[in-house]
Amino acid sequence: MALRTPLYDEHIALGAKMFEFSGWEMPLWYGTITQEHMAVRSSAGIFDVSHMGKILAEGEEGMERLDWLFTRSLTGSRKGRALYSFLLDDSGHIIDDLIATRVSEHGFLIVCNAAKREAVLHWLSANVGGASVTDMTVGLACLAVQGPSSGEIVSGITDLDIYEMKRFKATKTRMRIVDTEREDAGEEMHWASGIEAETEPKGAEALISRTGYTGEDGFEIIMNARTARELWKRILDTGGQRIRPCGLGARDTLRLEMCYLLSGHDFDGGQTPLEAGEDKAIDWNHDFRGKEALLRQRQEEYPRLVAFISVGSGVPREGYEIFSLEKERIGRITSGTLSPVLKKGVGMGYVGEEYSSPGTTLYYGIGGRRIEAVVVEKPFLKR
Amino acid sequence: MTSLNLFIPSGGFATQGIFTLSEVPDDLKYVDTHEWIRIKDNIAVIGITDFAQEELHEVVYVELPEAGRSVEKGEEFAAVESVKARSEIYAPISGKIAKVNVELVGNDEPAKPELINEDPYGSGWLVEIEITDPSELEELISAEQYRKTIEQS
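Fair warning: this is a prediction, and the values are worked out from it, not measured in the lab. (Residues numbered from 1 in each chain as written. Chains lettered and ligands numbered in written order. Predicted model: local features only at pLDDT ≥ 70, side-chain atom pairs only at ≥ 80, totals over all residues. Heavy atoms only, no water.)

### Some thoughts on the side chain of T214(A)
Residues and elements named next belong to chain A. Stated precisely, the cut-off is as follows: Numbering goes from the N terminus for both helices and strands, where a helix is a DSSP run of H or I of at least four residues and a strand is a run of E of at least two. Burial status follows relative accessibility: with a 1.4 Å probe on protein chains alone, a residue under 20% of its type maximum counts as buried, one over 50% as exposed, and anything between as partly exposed. Any N or O atom pair separated by 3.5 Å or less is treated as a polar contact, with the protein-specific requirement of one donor-capable and one acceptor-capable atom, and with residues adjacent in sequence counted only for side-chain atom pairs. The contact rule is simple, with two residues in contact once any of their heavy atoms fall within 4.5 Å.
Positionally, T214 belongs in the loop between β12 (204-209) and β13 (218-224). A residue is classified by how much of its surface remains accessible, and T214, at 1% relative accessible area, is buried. One polar contact links T214 to Q146, side chain to side chain, over a distance of 2.7 Å. Of note is the side chain of T214, whose polar atom sits 3.2 Å from the backbone nitrogen of E216. If we ignore the near neighbours within four places in the chain, the residues touching T214 are V40, R41, F47, Q146, L254, M258 and Y260.

Dropping the structure here:
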């Protein structure tokens, strides 16, 4: 039986097409993927991403070992900073990509992919003796408000000056949900009190960060599961015509236009961050598990995750094969779709370094089909 | 259609039971790969079902065979691309392609692939086939049988 987020009834009421994703019953779309995609690019969209794994690692002891597991130093970051990084195994292969937010002097909230929650929990628990590792996933909900209008919508329901908030920063605050006269809605997120903003003490506790997975300005709001429905409705009411509920279908096309990785697809246990082209999420001055393997790989040639655009009207699909100009098989597509903005088929896949320069002609297809494509600089959408 | 392999991020998809109230007209014949067939004398009009278009979601591109071509039952003869998936379409019966729905592919006018979503049993038809072997029609399933097929999927 699939898990349901606290917003399940809202999704049903909005007529969402539901599907199972990593053990959760999630909205795939409400209207159409294209409408939802374009709403986020031009105005705003709200996503229920409560399925994401939410893990709290706390305690002075064990912090060094925790730090060693991530490709960037968590303890080197300031309170309120949200860091994108990887967990690697000893051969440098990606276990998962995640965002770790420093919520207190010795506490980090780690948001990982839903399908990797157990694996990440196990990896952390087994390796950071001394620190406590707690799965907070079910007790917390997460909403993503994304798009150029997201700032004005979110600022309508909190006293926090969200325009002052920088990208990849997080603050604990309170959101003015429907019943603003109500007494404080809980004091449960004490684990994040290290980054609490001084605001009106009424409303629902929330951890807001200026992060997202769409390439647009936006906010991710983590709150107690029981206040999530009120907040979801309040954001939709406040946003009115400017905001649209969006499903995971649009979340996928939005992230792919930006070449953001999708766990289980663009990496599935056999690729390193170098191969995935994520060098920026590696801090070479920091010692981390898997670093030696990456240092060795840097001396060699290795496959690259390339981004390519169809020349004609074809649409690349995950699982299709990639061929060279000479029609030799050189790789496999890991993500593909029709880009709603570019109106072209776009895809990613791992190929040898010699095929990875922008401008390289590739072919892709399945069976006897061969569709021409050209390698481009990432991301597909230049911001 | 081989399969409705839609957006299946790690772990398959489950259709929400209460929302699969797809239209299945009684006067048509079906195949369990989600095509419908409307028979007028020796002509069979072919399209994809309401259930199929819903599962495929926004159709963005349609590939149709040339008129005049002969197709064998089971042959891959057309394809429908949506934002999330491509589905090959197999000929439900053998015969000669008598007519194709040019509105979908738009020869002179802009293509209107969305007709498949808007009106799958009407203006979203794909092709007309001149029936060569009427005995093949006996293998098609009724609306009632097709409803059972989609309830189980």
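So that's the structure; there's more coming.
### Quick word on the sheet that holds strand β4 (residues 59-63) of chain B
Residue and element names in this part refer to chain B. As a reminder, the rule being used: A pair of strands is labelled paired if DSSP reports no fewer than 2 bridges between them. Each axis is a line fitted through C-alpha atoms, taken for helices only over the stretch in contact, and angles between the N-to-C directions span 0 to 180 degrees.
Read across the open sheet, the three strands follow the order β4-β6-β7; overall the sheet is antiparallel. Since the sheet does not close on itself, it has two edges, and those belong to β4 and β7 (86-90), each with one partner. For this sheet the average axis-to-axis angle between neighbouring strands, irrespective of direction, equals 20°. The pairing of strand β6 (residues 76-82) with β7 spans five bridges and is classified as antiparallel. Along β7, the bridge assignment pairs E81 with R86.

### Examining the pattern of salt bridges
Heads up, the rule is: For this analysis, a salt bridge means a side-chain nitrogen from Lys or Arg found within 4 Å of a carboxyl oxygen belonging to Asp or Glu.
Across all of its chains, the model carries 32 salt bridges over all chains by this definition. Across the pair R329(A) and E321(A) runs a salt bridge, and its minimum N-O distance is 2.3 Å. Owing to a relative accessible area of 47%, R329(A) belongs among the partly exposed residues under this scheme. By relative accessible area, E321(A) is classed as partly exposed at 31%. The network of salt bridges with common partners includes R317(A), R369(A), E63(B), E81(B), R86(B) and E88(B).

### Concerning the sheet that holds strand β14 (residues 243-245) of chain A
All names here are of chain A. Pairing within the open sheet is mixed, and its six strands lie in the order β11-β12-β13-β10-β4-β14. Edge positions in the open sheet fall to β11 (170-175) and β14, since each of these has one partner strand only. Each strand of the sheet is rotated relative to its neighbour by a mean of 25°, with strand direction disregarded. Pairing of strand β10 (residues 140-146) with β13, which is carried by seven bridges, proceeds in the antiparallel orientation.

### Considering the domain arrangement of chain A
All names here are of chain A. Where we set the bar: An automatic or database domain assignment provides the domain bounds reported here. Two parts placed together each lose some accessible area under a 1.4 Å probe, and adding up what both lose gives the buried area.
Domain boundaries assigned for chain A yield domain 1 (3-52 + 139-257), domain 2 (53-135) and domain 3 (303-376). In this structure, domain 1 and domain 2 have C-alpha centres spaced 23 Å apart. Each side of the interface is counted separately: domain 1 has 19 residues, and domain 2 has 19 residues. Of the roughly 1600 Å² buried between domain 1 and domain 2, counting both surfaces, carbon and sulfur atoms make up 66%. Looking at the side of domain 1 facing domain 2, the largest losses of area belong to M52, F168 and W191, adding up to 42% of the total buried there. Taken together, the links from domain 1 to domain 2 amount to zero salt bridges. At the junction of domain 1 and domain 2, the tally comes to seven residue pairs in polar contact (both at pLDDT 80 or more).

### Thoughts on the environment of S42(A)
Residue and element names in this part refer to chain A. Here S42 lies in helix α2 (residues 33-42). Taking relative accessible area as the criterion, S42 reaches 55% and is therefore assigned exposed. A C-alpha to C-alpha distance of 6.5 Å links S42 and P148, two positions 106 residues apart in sequence. At a separation of 2.7 Å, a polar atom in the side chain of S42 contacts the main-chain carbonyl oxygen of M38.

### Brief notes about helix α7 (residues 248-257) of chain A
All names here are of chain A. A large share of α7 lies buried, amounting to 10 of its 10 residues. Turning to α7, its buried residues are L248, G249, A250, R251, D252, T253, L254, R255, L256 and E257. Looking at the buried residues of α7, the elements they touch are β2 (17-21), β3 (24-29), α2, β4 (44-48), β17 (329-338) and β18 (345-351). Two residues or fewer past α7, C259 is found with a positive phi of approximately 60°.

### Digging into helix α6 (residues 228-239) of chain A
Residue and element names in this part refer to chain A. Formally: Helix span, expected: 1.5 Å multiplied by one less than the number of residues in the helix.
With 12 residues, α6 should reach 16 Å at 1.5 Å per residue; the first-to-last C-alpha distance of 16 Å fits that figure. The set of residues buried in α6 consists of A228, E230, L231, W232, I235, L236 and G239. G240 occupies a position one or two residues after α6 and carries a positive phi of about 50°.

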